[in-house]
Amino acid sequence: MSRAADRFRRFLLPGLAFKAVIIGGGYATGREIAQFFLPAGPWGGLAAMALAMAIWSLVAAATFRLAHAIGARDYRHFFEALLGRGWVLFEITYAVFIVLILAVFGAAAGAIAAATLGVPAILGTLALMFAIVACVAFGNRGVERVFLWVSILLYATYAVFFVLILSGTGQGIANAFGDASAPSGNWASGGVIYAGYNIIGAVIVLPVTRHFRKGSDAVVAGLLAGPLAMIPALIFFLAMTAFMPGIADAVLPSDYMLTRLGHPAFHLLFQFMIFTALLESGTGAVHAVNERIARTGAVLGPWLRACTALAVLAPCMLIADRVGLVTLIASGYSALAWALIALYVAPLLFVVLLRRRPATPLEIAQ
């Protein structure tokens, strides 16, 4: 392995995997950004995003460092060490998380298919479901390839999007910030909630931390995770300020902006990029379930991994078809955020600040 490839796997891959898990249906389409950042206005939204990014970096660095120290490479063993017998509470919360986010991904894929191709939404949902099944069937290496290539497509597409936004609505962005007041109101709450329900991604991506050689690798990778995950959202938010207030109620803010910008070929490319973002996010979430099962000693070949993924995905996607994207995001994410802060972030920071080392999974078993 080349030195560059080794550094990529140690320092950048965990952050790209973290971005892959959280970017999902609401982030990539702009729906989450409209829900949690736009209400605070341009400056308040930026402040909330900076707060969320700082929380991500801090918690990811602490999570990766602790997981490396105790040898945890899946969420169950991590929480057995962190919470003791209370790990079951996290297992329940994670089950709720999986249902919610996969339902959001399915609803987003359906909305994109309906808006872009004019086909029934269920076809987009089913296409995403079977694509995730195909990706997770091949284990860690296959999933890491998905994270890499989709990340390249995603960052390149967002770069072009930013150029088009500046050339088409740059003055609108400047006017939005020029006319806005300083951060006020409850902007911090939006940042904390957004960071809170997404920070679970740091635990979901523990399988890719197998490349760390020492504790400092884990800390650097964690600190980089926040900016790597937030940069596309920042670009999206800046663009959205030019279309306030009408964009706030759009089911697909991305489609709302791209339709008004023109460029139909890029519009199709962007929607395809969102679909691939949904694919990598769903792949990361379902792969974590497979790895959790594999750590119990079960032998999971490609077919068994695929069948497990299908069993997880099918009921969640049916929820998506029934409920819809906006309702899922508005109703479920805030409660999930506070549950994860209580069960994950608070105990983790308590351990880090007091420099107490939890028992390793082996020590617990003994």
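The following refers to the structure shown. (Residues numbered from 1 in each chain as written. Predicted model: local features only at pLDDT ≥ 70, side-chain atom pairs only at ≥ 80, totals over all residues. Heavy atoms only, no water.)

Another point: the nonpolar core. Within the largest apolar cluster, 118 residues are counted, with the highest numbers of intra-cluster contacts made by Phe 78, Tyr 94, Phe 161 and Tyr 344. If you tally residues by element for this core, the top one is helix α5 (residues 87-117), at 13 residues. Ignoring any residue separated from it by four or fewer positions in sequence, one finds Tyr 94 in contact with Tyr 75, Ile 200, Ile 204, Ala 285, Ala 288 and Val 289. (Core = buried A, V, L, I, M, F, W, Y, C linked by side-chain atoms within 4.5 Å. Buried < 20%, exposed > 50% of the residue type's maximum accessible area, 1.4 Å probe, protein only. Helix = DSSP H or I, 4+ residues; strand = E, 2+ residues; numbered from the N terminus. Contact = heavy atoms within 4.5 Å.)

To continue, consider a nonpolar patch on the surface. Residues Val 88, Leu 89, Ile 92 and Val 96 make up a contiguous nonpolar surface patch of about 350 Å² in total accessible area. Take Ile 92: it is sitting in helix α5. (Patch = residues over 30% accessible without salt bridge, like charges linked within 9 Å, V, L, I, M, F, W, Y side chains within 5 Å. Areas by Shrake-Rupley, 256 points an atom, 1.4 Å probe, with all protein chains shown as cover. Salt bridge = Lys/Arg side-chain N within 4 Å of Asp/Glu carboxyl O.)

Geometrically, a packed helix pair is captured by the angle between its two axes and the distance between the axes. In contact at an axis separation of 11 Å, helix α7 (residues 139-179) and helix α11 (residues 253-261) are set at 55° when each is read in the N-to-C sense. By the angle class used here, α7 and α11 are oblique. Both α7 and α11 take part in a crossing whose hand is left-handed. Between α7, through Phe 161, Leu 164, Ile 165, Gly 168 and Thr 169, and α11, the contact on the second element is made entirely by Met 257, Leu 258 and Leu 261. Classifying every residue of the contact of α7 with α11 by side-chain character gives 6 nonpolar, 2 polar and no charged. (Axes fitted to C-alpha atoms, helices over the stretch in contact; angles between N-to-C directions. Parallel < 35°, antiparallel > 145°, perpendicular 65-115°, else oblique. Left-handed = near helix turned anticlockwise from the far one by under 90°. Nonpolar A, V, L, I, M, F, W, Y, C, P; charged D, E, K, R; others polar.)

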